[in-house]
Amino acid sequence: MTDTKSTPSWTSGISAITLFVDESDATKRFYREVFGLPVAFENDNSAVFEFGNTIINLLKTTAAHELIEPARVAQADAGSRLQLTLPVDDVDAMCKELAARGVTLLNGPMDRPWGIRTASFRDPGGHIWEIAK
């Protein structure tokens, strides 16, 4: 039997996700314009946006090395290794809004076999975002 008092809990959720970006100004502008969010914090190397209880930290690739070394920062064109999903009330309506904001969809909107409707797009840093209902 596990002693729950000494076992760490992960139930409070993810507080921050740091995305490494080469084009920090373009990516910051994308987040302001596409997601309609203000910059919550900014310095020479990063810009932070709040998505509910989770912050997305856009960190310049040149500053990322110090954060993760000895691991390496991958190039943006090396392929995607993650997808971030945002719940929406209406995937089709949000796709129309994204198009109006200049976003090109990677796929969707489509009904997935697991019972949800999705569409995906890429930010200027190469990170994949999905909207889902």
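Further up the page is the structure itself.
Residues numbered from 1 in each chain as written. Predicted model: local features only at pLDDT ≥ 70, side-chain atom pairs only at ≥ 80, totals over all residues. Heavy atoms only, no water.

Trainee: Tell me about the side chain of Ser46, and please be specific about residues and values.
Mentor: Take Ser46: it is sitting in strand β3 (residues 46-51). On the basis of relative accessible area, Ser46 is assigned to the buried category, the value being 9%. With residues up to four places along the chain from it excluded, the contact list for Ser46 reads Phe41, Asn57, Leu58 and Leu59. (Helix = DSSP H or I, 4+ residues; strand = E, 2+ residues; numbered from the N terminus. Buried < 20%, exposed > 50% of the residue type's maximum accessible area, 1.4 Å probe, protein only. Contact = heavy atoms within 4.5 Å.)

Trainee: I'd love a proper account of a negative patch on the surface, names of residues and values included.
Mentor: Together, Asp22, Glu23, Asp25 and Asp77 line one region of the surface with negative charge. Within the secondary structure layout, Asp77 lies in the loop between α2 (61-68) and β5 (83-87). (Patch = residues over 30% accessible without salt bridge, like charges linked within 9 Å, V, L, I, M, F, W, Y side chains within 5 Å. Areas by Shrake-Rupley, 256 points an atom, 1.4 Å probe, with all protein chains shown as cover. Salt bridge = Lys/Arg side-chain N within 4 Å of Asp/Glu carboxyl O. Lys, Arg positive; Asp, Glu negative; His and termini not counted. Charge placed at Lys NZ, Arg CZ, Asp CG, Glu CD.)

Trainee: So what's going on with unusual backbone geometry? Residues and values would help.
Mentor: For the peptide bond that leads from Glu69 to Pro70, omega is 15 degrees, which places it in the cis range. Relative to the helices and strands, Pro70 is located in the loop between α2 and β5. In this model, Gly108 is joined to Pro109 through a cis peptide bond whose omega is 0 degrees. Note that Pro109 resides in strand β6 (residues 105-111).

Trainee: Residues and numbers for the pairing of β3, please.
Mentor: Among the 6 residues of β3, 5 are classified as buried, and the element is accordingly described as predominantly covered. The pairing of strand β2 (residues 41-42) with β3 spans 2 bridges and is classified as antiparallel. Among the inter-strand pairings, Phe41 is bridged to a residue of β3, identified as Val48. Here β2 folds back onto β3, and the loop between the two strands holds 3 residues. Linking β3 back to strand β4 (residues 54-60) in an antiparallel pair, the connection comprises 2 residues, with Gly52 at a positive phi of about 60 degrees. (Pairing = 2+ DSSP bridges.)

Trainee: Just give me the short version of helix α3 (residues 91-100), but keep the residues and values in it.
Mentor: Burial in α3 covers these residues: Val91, Cys95 and Leu98. Here the buried residues of α3 occupy an arc of 60 degrees about the axis, which is enough to place them on one side. α3 presents Lys96 and Ala100 as exposed residues on the side facing more than 90 degrees away from its buried surface. On its buried side, α3 packs onto α1 (24-35), β6, β7 (117-122) and β8 (128-132). One side-chain oxygen at the N-terminal end of α3 lies 3.0 Å from the backbone nitrogen of Asp92; it belongs to Asp90. Following α3 by one or two positions, Gly102 has its phi on the positive side, about 90 degrees. (Arc of directions from axis to C-beta. Polar contact = N/O pair within 3.5 Å; in protein donor to acceptor, adjacent residues only side chain to side chain.)

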